[in-house]
Amino acid sequence: MIHSISKPDITIRQAIKDAIDEGFNEQTEFLSEFVRIPSLRFQEGPAQDFMADALRQRDFLVDDWKIILSDLEHLPGFGQIEGDFSRARTVVGEKHPSQIKGKSLILQGHLDVVPTGPNEMWSHPPFDPIIKDGWMYGRGAGDMKSGTVAALFALEAIKRAGFEPAARICFQSVIEEESTGIGALSTLQRGYRADCVLIPEPTDHALITAQVGAIWFKIRVRGKPVHVANASAGSNAILVAYDIISALKGLEAKWNESAKTDDFFSHVKHPLNLNIGKIAGGDWASSVPAWCNIDCRIGILPGVGIDSAKREIEACISAASHKHPFLSNSPPKVIWNGFQAEGWTLENAELEKAVFSAAYQDVFGGKGPVELSLTGLTDTRFYGLYHKIPSLCFGPRAENIHGFNERVDLTSVKQCTETIALFIAGWCGLNRID
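Let me sum up the structure you'll find in this document. If you're wondering where the values come from, they're calculated on a predicted model, not measured in any experiment. (Residues numbered from 1 in each chain as written. Predicted model: local features only at pLDDT ≥ 70, side-chain atom pairs only at ≥ 80, totals over all residues. Heavy atoms only, no water.)

## A look at the sheet that holds strand β13 (residues 333-341)
Phase 1 of the analysis: If you trace the 4 strands from one edge of the open sheet to the other, you get β11-β12-β10-β13, paired in antiparallel fashion. This sheet does not close on itself; its edge strands, each paired only once, are β11 (274-281) and β13. Neighbour-to-neighbour, the strand axes of the sheet open up by a mean angle of 15°, direction not taken into account.
Phase 2 of the analysis: In the sheet, β11 pairs with strand β12 (residues 291-300) via 7 bridges, with the strands oriented antiparallel. Paired with G281 across the bridge in β12 is C292.
Phase 3 of the analysis: Here helix α5 (residues 237-259) sits on the sheet and contacts β10 (213-222), β11 and β12; the angle it forms with β12, its principal contact strand, is near 10°. (Pairing = 2+ DSSP bridges. Helix = DSSP H or I, 4+ residues; strand = E, 2+ residues; numbered from the N terminus. Axes fitted to C-alpha atoms, helices over the stretch in contact; angles between N-to-C directions. Contact = heavy atoms within 4.5 Å.)

## Examining helix α4 (residues 182-189)
Phase 1 of the analysis: α4 sits mainly inside the fold: 7 of its 8 residues count as buried.
Phase 2 of the analysis: For α4, the complete set of buried residues consists of I182, G183, A184, L185, S186, T187 and L188.
Phase 3 of the analysis: On its buried face, α4 sits against β1 (61-66), β2 (89-95), β3 (105-110), β7 (169-174) and α8 (380-387).
Phase 4 of the analysis: Looking at the residues trailing α4, positive phi occurs at G191, about 105°. (Buried < 20%, exposed > 50% of the residue type's maximum accessible area, 1.4 Å probe, protein only.)

## Focus: the nonpolar core
Phase 1 of the analysis: With 89 residues, the main nonpolar core has I16, L105, L107, L152, F171, F423 and I424 as its most contacted residues.
Phase 2 of the analysis: Once you skip the residues sitting within four places of it in the chain, I424 turns out to touch L105, L107, A154, L155, I158, P165, I169 and G429.
Phase 3 of the analysis: Counting 34 residues, the second largest nonpolar core, distinct from the first, contains V212, I215, A237 and L274. (Core = buried A, V, L, I, M, F, W, Y, C linked by side-chain atoms within 4.5 Å.)

## Examining the pairing of β7
On a regular strand, each side chain points to the face opposite its neighbour's, so the side chains alternate between the two faces of the sheet.
Phase 1 of the analysis: For β7, the buried fraction is high: 6 of the 6 residues fall into the buried class.
Phase 2 of the analysis: Sheet topology note: the β2/β7 ladder contains 5 bridges and is antiparallel. Pairing of E94 across the sheet is with C170, part of β7.

These figures come from the coordinates and say nothing about function on their own.
If you want it as structure tokens, here you go:
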């Protein structure tokens, strides 16, 4: 049953929209400064400093802590880290209202960005944001710094219009969304909870209601090195790696066949993708290579357990190895690293969706947002799967995320800022401030 939450009257809603319009130049400049910080993996510190300072300037109570992996290893959804994690931090800003009327809300955004690839293949330097034809270009502009900034400036607009949210707000700035999700996991380990979560990822105005899970793994293939003049006497680890990849493609096809009867993904063409993201091997052009390492990612359907999916992956690699004269006695090693993420579906969120839909219609018109089954993943899974907190994922239109010339549509950013602000007003309620 949907229990109603009162919708702010049209005068208040218009005042909030006007405040967003008034502050949008400032918001755009703030986003430019944020994008300019190269918050690549293990280098997120300056961007977290930037966000922590912004929250303090806006009178949030800021909790800024170092992530300790041993505190998280026992929790569901944990993924192994490869690399120097010693400087990893989470930043949370919290505000409490003068009077509680509505329901509490977590606004969460990640600031980690993926590698740029060769900079010369960008039209403009990836961390030198430019605006052209209404789009802001830069790594992280779309995924997802624009959404994080939209949530922050939605709160700013509510204040400028003369109000405060009438419930507790947690503004969470996390890392590792692109690799493990450990940043989001750390907030839950720290004890942060709310009645609802909103994550403004770049969804092109759609509302995510289902997403696949993903598993990262590395395969270490060993071969037998010999001089290239006698290549047939050896075992080429790089060429053998392609046999393993071929077998994994077969597993991918099998899993996608099963997706054709899935409640959420039957209408999606090829929802489960195997990606060979990195391959390295060999030491010398005239030596048959003795080693090859393959970094992989594969999607899994909601409801599929991580352990059962791992067993299928291992069995697939083992079966391919048994057919090879060298690998049958020296099988590849599988290392689980990064994402160990289950799929997720939005459940028991009728009220949350109704309040959000009202805010969306106020900005975009129509019947409400398109509901999307996502073939990637977001941090929503931690809140929904493990803590039964309804988690909404909605954000602006972006293009070329994870690619060259990533960009975000600034008109879309403004519309999403309005939608988020009106959702906050409807969900949390409002108190008038002097």
